[in-house]
Amino acid sequence: MTVVPQHNIAGYNRTEFAYNTADTDHDGCRTRDDVLARDLDNVERQGCTVESGTLHDPYTGGTIAFVRGRQTSSAVQIDHIVALHDAWNDGASTWSKQQLESFGNDQFNLAAVDGPANQQKGDQSADEWEPSNTVAQCPYVAQQIAVKRKYSLGVTANERNAMKHVLNTCEGYPLPSEGTSLVRAVIARGGSQPSGHPFVDTGTIASNGERYEFRGMSDVLRQDMAAFLYRWAGSPDYAPSESDMRMFADVSWSTPHAKEIWWLAHEGISVGWAEPNGSRTFRGMDSVKRQDMAAFMHKLAGVYGPASGTGVAFADVTPATPHYADILWLAKTGVSSGWTESDGTVTFRGMDSVKRQDMAAFLYRLAGKPASPESSNMWIHDRYVDVNGSTPHCHDIYWLTLKGISEGWVYTPPQPPATPSKPSQPSRPARPSQPSNPPATVYYKNCTEVREAGKAPLHRGDPGYRSALDRDGDGIACETKR
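Throughout, residues of each chain are indexed from 1 in the direction in which the sequence is written. Since the coordinates come from a predicted model, pLDDT governs what is reported: local features require at least 70, and pairs of side-chain atoms require 80 or more to be given and counted, while whole-chain, interface and lining totals use all residues. Neither water nor hydrogens contribute to the side-chain values; these are computed over all heavy atoms in the structure.

J.: Provide a residue-level description of the side chain of Thr333, including the pertinent values.
T.: Under the scheme used here, helices are H or I runs from DSSP no shorter than 4 residues and strands are E runs no shorter than 2 residues, and both carry numbers assigned from the N terminus. Structurally, Thr333 can be placed in the loop between helix H12 (324-332) and strand S9 (339-340). N or O atoms within 3.5 Å of each other form a polar contact, as long as, within protein, one can give a hydrogen and the other can take it, and as long as residues adjacent in sequence are counted only when both atoms are side-chain atoms. A polar side-chain atom of Thr333 sits 3.2 Å from the main-chain carbonyl oxygen of Leu330. Other than its neighbours up to four places away in sequence, Thr333 contacts Pro306, Ala307 and Ser308. In this analysis, two residues are considered to be in contact whenever any of their non-hydrogen atoms come within 4.5 Å of each other.

Listed below in structure tokens is the structure:
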């Protein structure tokens, strides 16, 4: 590489490089979105625009949950690995407009990085700045060298010495080839953790003697889903930051499963909805749609998901379906097989709400169908009043419970309705004394005859009393009603 003098060449203007305004690869998308889509994991796009994703930042080694928005987009910035001003001083000042634009938008020289780290770097060269993440230093310097070689740019003596100093610690590290992503190169060296979480078995719960309801046909609420996914991942050690707690306008410490919701956002698994006023909301009491669940599960498991196979082709899923790629992943890994319709086609029904019993099956399959402790914990069969051997996914529900992912609701037996008290009966009039020798036979045709004989009312046992005269069956016939 040519060593050039250390000087500041006049005429530098960043806009001449036309970064993010010239579509040099002719794909119809802005350069920033192209780089974000390449470097981020768990990417969600609307057309060309990257709406969210997870960045394993090469410069700091941290993880950033990227969400597009006026107040959030700057968390992830696109860095020119060889800074534009540095390139200008090292040879680009003589280039044509086309060469400047090509360099300004060349993805080989671009990386999605932590916003504050990018601001700190500014337009400094290799002798003035290096990443704080030591694992990234070899890939960073090697990429700078490869870019400068590609464009025949020079280096200053100080820059060359700084590069050699770093490269002396990079024995066997190859010069990056065209198309290499710095972010991916750092991840490959162990500078960031691969995206996703494996299932973590934290043990088996014991019976507490209580009976519960599982409510398998109830919809899964978004806030409950956050708790399920967090527990599935082993309840990772996590304390929400101030930034995390500002993520959703409708989530506070009083929100059920608030910590788990913030963890989802921190990990880039859920970013909620962008509202017209610029805020974001989680909508925890909304039910989870099947197509959204596909995205949540894919982001949760990442590289740790079940092995992919051929899967099924869903007749109601097209590239225009929200979370299309995640639904295909769900099918290929066998986490969901959909429904077979009467015409023989298989559908996914992405806009249907996820039922709790289906959620149990999804999470069990996502974990790789591990051996269940059900057979050695037979008490689980009596735990739920609404789950038995004929319940869909009953064994997955038992597994979910034994692993402490969902415990249901304590069952309260219904109380029998209170028996209404009978109204008190008026006290009977005193029975007249019976004649010592009553007539052997007395018969009254009706109550008129009883009254005319002066015998009303008649009591059960009185001569002439019969049930036909006692219409209300209270033992008193032909009484005067009030």
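J.: Lay out the state of the cysteines with the relevant residues and their values.
T.: When two cysteine sulfur atoms are found within 2.5 Å, that pair is recorded as a disulfide. In the structure shown here, the tally under the stated rule is three disulfides. Here Cys138 connects covalently by a disulfide to Cys170, the sulfurs 1.6 Å from one another. With the S-S bond torsion at -90°, the cross-link from Cys138 to Cys170 turns out left-handed. In this pair, Cys138 sits in helix H5 (residues 134-150) while Cys170 sits in the loop between helix H6 (157-167) and helix H7 (182-188), placing the two residues 32 residues apart along the sequence. Of the two residues, Cys138 and Cys170, neither departs from the other in class, the shared state being buried. Buried means the residue's accessible area, taken with a 1.4 Å probe over protein chains only, is under 20% of the maximum for its type, while exposed means over 50%, and partly exposed covers the values in between.

J.: Outline the packing of helix H13 (residues 356-366) against helix H14 (residues 394-402), supporting the account with residue identities and numerical values.
T.: Between N-to-C directions, angles span 0 to 180 degrees; the directions come from axes that are lines fitted to C-alpha atoms, helices contributing only their stretch in contact. In contact at an axis separation of 8 Å, H13 and H14 are set at 70° when each is read in the N-to-C sense. Here H13 lies roughly perpendicular to H14, going by the angle between them. Of H14, the residues touching H13 (which contributes Gln357, Ala360, Ala361, Leu363 and Tyr364) are Asp396, Ile397, Trp399 and Leu400. Here the contact of H13 with H14 is composed, by residue class, of seven nonpolar, one polar and one charged. Comment on the angle field: the value is read as roughly parallel under 35 degrees, roughly antiparallel over 145, roughly perpendicular from 65 to 115, and oblique elsewhere. We call Asp, Glu, Lys and Arg charged. Ala, Val, Leu, Ile, Met, Phe, Trp, Tyr, Cys and Pro are nonpolar, and the rest, Gly among them, are polar.

J.: Residues and numbers for the sheet that holds strand S2 (residues 49-56), please.
T.: The three strands lie next to each other as S1-S2-S3, forming an open sheet whose pairing is antiparallel. Only two strands of the sheet have a single partner each, and these edge strands are strand S1 (41-46) and strand S3 (63-67). Going across the sheet, the axis of each strand differs from the next one's by a mean of 10°, ignoring polarity. A pair of strands is labelled paired if DSSP reports no fewer than 2 bridges between them. In this structure, S1 lies alongside S2, joined through four bridges in antiparallel fashion. Each residue of the ladder has a partner; that of Asp41, found in S2, is Thr54. Lying on the sheet, helix H1 (residues 31-39) is in contact with S1, S2 and S3; it crosses S1 at an angle near 145°.

J.: Can you tell me about the nonpolar core, naming the residues and giving the values?
T.: Grouped together as the largest cluster of nonpolar side chains are 59 residues, with contacts concentrated most on Met225, Trp232, Met297, Met359 and Leu363. For this core, the elements supplying multiple residues, two or more each, are helix H8 (222-232), helix H10 (258-266), helix H11 (290-301), H12, H13 and H14. Setting aside residues no more than four positions away along its own chain, Met225 makes contact with Val220, Leu264, Phe282, Val288, Met293, Phe296 and Met359. Counting residues in hydrophobic clusters, the runner-up holds 32 residues, among them Val50, Val141, Val166 and Cys170. Nonpolar core, defined: a set of buried Ala, Val, Leu, Ile, Met, Phe, Trp, Tyr and Cys residues in which side-chain atoms within 4.5 Å join the residues together.

J.: Give me the lowdown on the packing of aromatic side chains, citing residues and values where you can.
T.: Stacked, tilted and edge-to-face pairs are distinguished by plane angle, under 30 degrees for stacked and over 60 for edge-to-face with tilted covering the rest, among Phe, Tyr and Trp rings (Trp via its six-membered ring) whose centres lie within 6.5 Å. With the rule as written, the count across this model stands at 17 aromatic pairs. Relative to Tyr140, the ring of Tyr59 lies with its centre 5.6 Å away and its plane at 90°, an arrangement referred to as edge-to-face. Placement of the pair is Tyr59 in the loop between S2 and S3 and Tyr140 in helix H5, with a sequence separation of 81 residues. Judged by its relative accessible area of 1%, Tyr140 is buried. The interplanar angle of 65° and the centroid separation of 5.1 Å between the aromatic rings of Tyr364 and Trp399 together place this pair among those described as edge-to-face. Here the residue Tyr364 occupies a position in helix H13, and Trp399 occupies one in helix H14, the gap between them amounting to 35 residues. Given a relative accessible area of 1%, Trp399 falls into the buried group. An aromatic cluster of at least three residues, connected via ring pairs, comprises Tyr12, Phe17, Trp88, Trp95, Phe103 and Tyr151. For the cation-ring pair, Arg222 lies above Phe282, with the distance from its terminal atom to the ring centre recorded as 4.4 Å. The criterion for a charge sitting over a ring is simple: Lys NZ or Arg CZ within 6 Å of the ring centre, and within 35 degrees of the ring normal.

What is shown is where atoms sit, not what they do.
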